[in-house]
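Residue-level structure breakdown
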Amino acid sequence: MRLQPSQTLQQIAGMIDAAFAGNPDFAVTGINEIHKVEPGDLTFVDHPKYYDKALKSNATTIIINKEVDCPPGKALIFSDDPFRDYVYLTKHFRPFEPSQSMISSTAIIGEGTVLQPNVFVGNHVIIGKNCIIHPNVSIYDHSVIGDNVIIHSGTVIGADAFYFKRRPEYWDKMESCGRVIIEDHVEIGASCTIDKGVSGDTVVGQGTKLDNLIQIGHDSVIGKNCLFASQVGVAGCVTVEDDVILWGQVGVQKDLTIGKGAVVLGQSGIAKSIDGGKTYFGSPVQEAREKMKELALVKKLPEILGKL
Amino acid sequence: MRLQPSQTLQQIAGMIDAAFAGNPDFAVTGINEIHKVEPGDLTFVDHPKYYDKALKSNATTIIINKEVDCPPGKALIFSDDPFRDYVYLTKHFRPFEPSQSMISSTAIIGEGTVLQPNVFVGNHVIIGKNCIIHPNVSIYDHSVIGDNVIIHSGTVIGADAFYFKRRPEYWDKMESCGRVIIEDHVEIGASCTIDKGVSGDTVVGQGTKLDNLIQIGHDSVIGKNCLFASQVGVAGCVTVEDDVILWGQVGVQKDLTIGKGAVVLGQSGIAKSIDGGKTYFGSPVQEAREKMKELALVKKLPEILGKL
Amino acid sequence: MRLQPSQTLQQIAGMIDAAFAGNPDFAVTGINEIHKVEPGDLTFVDHPKYYDKALKSNATTIIINKEVDCPPGKALIFSDDPFRDYVYLTKHFRPFEPSQSMISSTAIIGEGTVLQPNVFVGNHVIIGKNCIIHPNVSIYDHSVIGDNVIIHSGTVIGADAFYFKRRPEYWDKMESCGRVIIEDHVEIGASCTIDKGVSGDTVVGQGTKLDNLIQIGHDSVIGKNCLFASQVGVAGCVTVEDDVILWGQVGVQKDLTIGKGAVVLGQSGIAKSIDGGKTYFGSPVQEAREKMKELALVKKLPEILGKL
């Protein structure tokens, strides 16, 4: 998330009543989770295992729970609970704004776009030209929809990321301030759910077609001209390259990449990154040919073992 | 379901035009399906296999299709079709009430709770304080929602139990008169479905977080601080103890228990009760370590068999 | 789809500016995709592999991308892109009609039917008697719902078929002009999606009961008195005969048949037609007994191989 206008280190630290290291006028121009940071961004780190990664990342302001030396050209904010303070700042700069009507007056809707009855369009949403949005679709605040997009009934664009930090007594919610971006010529079936990014964007690439009841998790980036059949589930922070086909009920775990042009057969489960240009099957997936041989061998086991 | 005011045996028997055994003034204070009965309850039994269970249960009034002796301190109602008569009584005491508006005038909604546009809140619903209910959520009659609950768009709370009796020519519907109870600090993702209990309560325990497109069946009781990833399906009458994690697309069959702190990996299928504190994988599930060994062995089979 | 009034060959060819072979007054009485054609129908073929099938089908007018001889009693329309022209004609005769209100004035709704608040009923929809349609259901144009049908919240009836033709640079959409037909006494759970036929009908047969979050693809025909548990996914062009039971999360691939009375256990994947009257399990499915033996054998492999 970009901060407009940008803030100073001193202003940010003041909001959470924290000590800091660095020039008080140091500019903070965005707030982002560690996977999405750019220069100017504020991020947080609260586990020694990740201190180094955070300090060496593109982020230039880091909320941290240890008094380490400030790297050159950066700033630090010291906190006993960086997660709490990061969430506080997120909510401060991207507060939940209740909607007064089904179509927010701050939404921008392109020429030729048809909103069927009872579509919810949240605050600051942008919808392009010549789209059809069918009844009972919900589009949360800050979502961006391209031109010539079709979204079928019941689909939910931009619900909160499913991201919680384990506390001893409860799950603590990471407030998400990211967006969903649906590019041109995408079609999304009925009752799909595409969550917003934690701080960056969840993207469905140009020309991709999604069937019904599909889940796309936060910060996942789906390439161009992909085809996902019904009930596919993609977790958070997944990269799906262009021209990928996922057949029905395929499940994809978080933080991995599916290579360009991969085809994954129905009900497969993807737990690690897979190369493009091949066909896969199984849970966990293998190359389909290999998996089929394995299945055939298991079927023949009684006979084979009998002979032995 | 409690009956308020309570009824007499004679009144109840009269409604279904049935003979009875017992004191005509015997009190019937509730109607419950056999798994949920308490003293004062009316229940039914129509299969010899279950006569004994029903007669010895906590229920004190039993609709039965055989002229057996009335157990002491109880009452019997004789019917050629106990299911039909039980369903008739359920519908009589808990009739479907069409709604006149999106938010029923009989609903109670707590302070600080935000209902986004186009939320349906049925009759006699109770929603606590400081909740956010996103657009296009449907909350059926008699549901109870705690404080600080977040429910995302498209989710349906309290649809009818999926419970049908096989008749020679058709499926006969059990009318459900139970409720859904969502405890404090629960978050429910987009397009989830949580069915009401047949006569008791379906419960999602305090602090539990559900991702999108999740199914929770009738009368299931989910513990506190559980985490269910997207597209998990839990059938009816399941007990999930506290701190259980179910990853994406896990399926749970009916009438079983998942022990405290169990972790079940994605796409697993749970057909029997499993102990807490362990990690599971597979369909049907095994302990994950064991399953992984099995998968590795199957991959090596060609080599192993070749050597033999 | 029937054409009312019917058209002449010359009229149709004129709309797409194409040459034709046959009597200019030859009647075109319907438009149908090759799997659904009847005499009088226009269809298309664009691949040499299917020329013969199309020319010998029941269709009497064929848009084709080769100048072949016209079969007796038929007509041909010559096009360099039959798919494009077929889609053009479909959109011409079944244009998308934006809705002006939640319940179209062209819808017919039977006596005793309750539409709960915020149900969308599209143009030319027919709903029978004594139905209950729960809040936030979306029923697209031309759907037909029988008597005594219950549809739970969030369900979407009649969204577009998921059918795209691969072009070198993009997926080209087949416009669907078919319908969904829900027969009498069907109950459909919450957040299900039942797509319309490409040119024919998607059917859910009398007395069938669907749980929540179920997908039924275009042109699939579900028999009478079937029972599908939650999160079942059925692809397009599937035939499910009467009395079939599919347990939770079962996936069914396209273009196959499930025989009468088959029972398929949870999470199974059906990739080929299966006979009726048997119980199945696995992905891909086998008879359940056989699959269970296989699973038991795999578990014993370490022991068996150790002995060898």
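The model shown is predicted, which means the values in this text are computed figures rather than measured ones.

1. Let's talk about the overall build of chain A
- On a plain count of helices and strands, chain A comes out with four helices and 34 strands.
- Projecting the C-alpha coordinates of chain A onto the three principal axes gives extents of approximately 75 × 60 × 35 Å.
- Split into buried and exposed, the 308 residues of chain A put 53% on the buried side.
- A fraction of 25% describes how many contacts in chain A between residues 6 or more apart in sequence connect residues 24 or more apart.

2. Some remarks on the environment of A:Asp243
Residue and element names in this part refer to chain A.
- For aspartate 243, the position within the fold is in the loop between β27 (239-240) and β28 (245-246).
- For the pair formed by aspartate 243 and leucine 305, sequence separation is 62 residues and the distance between their alpha carbons is 43 Å.
- Not counting the four nearest positions on each side in its chain, aspartate 243 is found in contact with Asn225, Cys226, Lys260 and Gly261.

3. A look at the relation of the copies chain A and chain C
- After a rotation of 120° and a shift along the axis of 0.0 Å, chain A superposes on chain C with an RMSD of 0.0 Å. These values place the two chain copies in the arrangement generated by a three-fold rotation axis.

4. Things to note about the sheet that holds β28(A)
All names here are of chain A.
- The mixed open sheet is built from 10 strands, whose spatial order is β8-β11-β14-β19-β22-β25-β28-β31-β33-β34. Two strands bound the open sheet, and with one partner strand each, they are β8 (114-115) and β34 (286-287).
- Two strands pair when backbone bridges link them, and β8 and strand β11 (residues 132-133) are joined in this way by two bridges, in the parallel orientation. The residue bridging valine 114 from the neighbouring strand is isoleucine 132, located in β11.

5. Digging into the sheet that holds strand β8 (residues 114-115) of chain B
All names here are of chain B.
- An order of β8-β11-β14-β19-β22-β25-β28-β31-β33-β34 is seen for the 10 strands of this open sheet, with the pairing classed as mixed. Edge strands, defined here as strands with exactly one partner in the open sheet, are β8 and β34 (286-287).
- As paired elements, strand β14 (residues 150-151) and strand β19 (residues 187-188) share two bridges and run parallel to each other. Paired with isoleucine 150 across the strands is glutamate 187, a residue of β19.

6. Description of the interface of chain A and chain B
- Taken residue by residue, the interface counts 35 residues in chain A and 35 residues in chain B.
- Of the residues forming the side of chain A that touches chain B, the biggest block, four residues, is contributed by helix α4 (residues 288-307) of chain A.
- Residues that form the side of chain A that touches chain B fall into these classes: 16 nonpolar, 16 polar and three charged.

7. Topic: the interface of chain A and chain C
- At the interface, 35 residues of chain A touch 35 residues of chain C.
- Residue composition of the side of chain A that touches chain C, grouped by class: 12 nonpolar, 19 polar and four charged.

8. Comments concerning the packing of α4(A) against helix α4 (residues 288-307) of chain B
- Packing of α4(A) against α4(B) leaves a shortest axis separation of 10 Å and a crossing angle of 55°. One finds that α4(A) runs oblique with respect to α4(B). Here α4(A) runs over α4(B); the crossing is left-handed. Counted together, A:Glu294, A:Leu297, A:Val298 and A:Ile304 of α4(A) and B:Val298, B:Lys299, B:Leu301, B:Pro302 and B:Leu305 of α4(B) form the full contact between these two elements.

9. Here's the deal with the domain arrangement of chain A
All names here are of chain A.
- Each assigned domain of chain A is listed here: domain 1 (2-93) and domain 2 (108-289).
- With centres defined by C-alpha atoms, the gap from domain 1 to domain 2 works out at 30 Å.
- Contacts between domain 1 and domain 2 engage nine residues on the former and 10 residues on the latter.
- In the side of domain 1 that touches domain 2, the residues fall into three nonpolar, three polar and three charged.

10. Here's the deal with the nonpolar core
- Core analysis: the biggest nonpolar cluster contains 174 residues, and A:Val264, B:Val264 and C:Val264 have the highest contact counts within it.
- Those residues within four positions of A:Val264 in sequence are excluded, and the remaining contacts are A:Leu246, A:Trp247, A:Val250, A:Ile270, A:Tyr280 and A:Val285.

11. Brief notes about the pairing of strand β21 (residues 201-204) of chain A
All names here are of chain A.
- Of the pairings in the sheet, the one linking strand β18 (residues 179-182) to β21 comprises four bridges and is parallel in character. Paired with arginine 179 across the bridge in β21 is aspartate 201.
- As paired elements, β21 and strand β24 (residues 221-222) share two bridges and run parallel to each other. The residue bridging valine 204 from the neighbouring strand is isoleucine 222, located in β24.

12. Let's talk about the environment of B:His47
Residues and elements named next belong to chain B.
- Mapped onto the elements of the fold, histidine 47 is located in the loop between β4 (41-45) and α2 (48-55).
- You can call histidine 47 exposed: it has 11 C-beta atoms within 10 Å.
- For the pair histidine 47 and proline 82, spaced 35 residues apart in the sequence, the C-alpha separation amounts to 9.6 Å.

13. Description of unusual backbone geometry
- For the bond running from A:Gln4 to A:Pro5, omega is 0°, close enough to zero to count as cis.
- Here A:Pro5 lies in strand β1 (residues 2-8).
- Positive phi is not limited to glycine here, since A:His142 has a value of about 75°.
- Relative to the elements of secondary structure, A:His142 occurs in the loop between β12 (138-139) and β13 (144-145).
- Its identity is not glycine, yet C:Gln231 carries a phi of approximately 65°, on the positive side.
- By the element assignment, C:Gln231 lies in the loop between β25 (227-228) and β26 (233-234).

Thresholds, definitions, all that
Residues numbered from 1 in each chain as written. Chains lettered and ligands numbered in written order. Predicted model: local features only at pLDDT ≥ 70, side-chain atom pairs only at ≥ 80, totals over all residues. Helix = DSSP H or I, 4+ residues; strand = E, 2+ residues; numbered from the N terminus. Buried ≥ 20, exposed ≤ 12 C-beta atoms within 10 Å, placed from the backbone. Contact = placed C-beta atoms within 7 Å. Least-squares fit on C-alpha atoms with pLDDT ≥ 70 in both. Pairing = 2+ DSSP bridges. Nonpolar A, V, L, I, M, F, W, Y, C, P; charged D, E, K, R; others polar. Axes fitted to C-alpha atoms, helices over the stretch in contact; angles between N-to-C directions. Parallel < 35°, antiparallel > 145°, perpendicular 65-115°, else oblique. Left-handed = near helix turned anticlockwise from the far one by under 90°. Domains from an automatic or database assignment. Core = buried A, V, L, I, M, F, W, Y, C linked by C-beta atoms within 7 Å.

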